[in-house]
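# What the coordinates show
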Amino acid sequence: MLTRIDHIGIVCFDLDKTVEFYSATYGFEVTHLESNEEEGIREAMLKINETPDGYASYLQLLGSTRDDSVVGKWLAKNGEGVHHIAFGTNDVSGETVAIRSKGVRALYDEPRQGSMGSRINFLHPKDCHGVLTELVTAATPDSE
Ligand code: MC0
């Protein structure tokens with residue numbers, strides 16, 4: 001079962017300036033910073049609210065650390081803005097199998113490491129009406 005919006009991924013040219021915008025304009029606070037070399041990203045997680053399933057929803061601001069990363073290529077082609085939406089589940093593997101059986105392509109055979117120790121998979125945007133969709137099992141309830 002998918003139980004929350006885990007995060008909305010927003011790519012940006014300048015991570016620090018974008019964090020400053022979201023903090024100064026809306027008052028959201030950064031609760032986690034991380035670099036992911038495999039993905040070629042730096043990211044800041046800003047917690048929006050805790051969710052009834054015991055976890056939380058975030059904005060995920062993503063900057064690129066190299067031009068050939070997914071985010072780097074996206075920025076070059078589309079500029080900054082909303083990149084993906086992520087749904088939270090207790091069972092990313094089971095959800096991936098169930099959704100795949102409905103004819104939606106999952107990008108990875110097995111879940112990979114995501115932010116804050118989560119396990120993740122992605123669904124192809126062409127199978128999801130133009131929305132790159134991520135499935136997330138968080139490491140611990142409301143982890144920061
Ligand atoms: C590509 N397309 C998208 C899209 N990315 N549509 C909506 N939203 C997106 N984000 C569309 C393009 O417009 C294009 O459509 C078609 O898909 C193929 O795109 P492409 O530019 O040729 O790119 P590909 O095929 O090389 O890669 C697309 C793909 C890739 C979805 C497979 O972005 C990918 O592997 N994404 C998963 C990993 C990821 O997003 N990592 C960054 C966040 P047309 O009509 O022009 O053919 S990592 C993260 O967020 C983690 C760490 C976390 O949350 O914990």
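Report on the accompanying structure. (Residues numbered from 1 in each chain as written. Predicted model: local features only at pLDDT ≥ 70, side-chain atom pairs only at ≥ 80, totals over all residues. Heavy atoms only, no water.)

## Section: the pairing of strand S8 (residues 133-137)
Within S8, 5 of the 5 residues are buried, leaving the element largely enclosed by the surrounding structure. The two faces of S8 match: Thr-133, Leu-135 and Thr-137 on one face and Glu-134 and Val-136 on the other face are all buried. One ladder, built from 5 bridges, connects strand S7 (residues 119-123) with S8; its direction is antiparallel. For Leu-123, the partnering residue across the bridge sits in S8 and is Thr-133. (Buried < 20%, exposed > 50% of the residue type's maximum accessible area, 1.4 Å probe, protein only. Helix = DSSP H or I, 4+ residues; strand = E, 2+ residues; numbered from the N terminus. Pairing = 2+ DSSP bridges.)

## What to know about the sheet that holds strand S5 (residues 81-89)
The 8 strands lie next to each other as S2-S3-S4-S1-S5-S8-S7-S6, forming an open sheet whose pairing is mixed. Of all strands in the sheet, those with a lone pairing partner are strand S2 (29-36) and strand S6 (112-113), marking the two edges. Bridging between S5 and S8 involves 4 bridges; their strand directions are parallel. Within S8, the position partnered with Ala-86 by the bridge is Glu-134.

## Notes on the pattern of salt bridges
The full count for this structure, using the stated rule, is 7 salt bridges. A salt bridge links Arg-42 to Asp-16; the nearest nitrogen and oxygen atoms lie 3.3 Å apart. Here Asp-16 lies in helix H1 (residues 15-26) and Arg-42 lies in strand S3 (residues 41-50), a separation of 26 residues in the sequence. Residues joined in a network through salt bridges with shared partners are Arg-4, Asp-6 and Asp-53. (Salt bridge = Lys/Arg side-chain N within 4 Å of Asp/Glu carboxyl O.)

## Observations regarding H1
The end-to-end C-alpha distance of H1 is 16 Å, a good match for the 16 Å that 12 residues give at a rise of 1.5 Å each. By the burial criterion, the buried members of H1 are Leu-15, Thr-18, Val-19 and Tyr-22. Mapping the buried residues of H1 onto a view down its axis gives an arc of 105°, with all of them on the same face. Facing away from the buried surface of H1 by more than 90 degrees, the exposed residues are Asp-16, Lys-17, Glu-20 and Ala-24. On the buried face of H1, the contacting elements are strand S1 (2-11), S2, S3 and strand S4 (56-64). Residue Asp-14 occupies the N-cap position of H1, its side-chain oxygen lying 3.2 Å from the main-chain nitrogen of Asp-16. The first or second residue beyond H1 is Gly-27, which carries a positive phi of 80°. (Expected span 1.5 Å × (residues − 1). Arc of directions from axis to C-beta. Contact = heavy atoms within 4.5 Å. Polar contact = N/O pair within 3.5 Å; in protein donor to acceptor, adjacent residues only side chain to side chain.)

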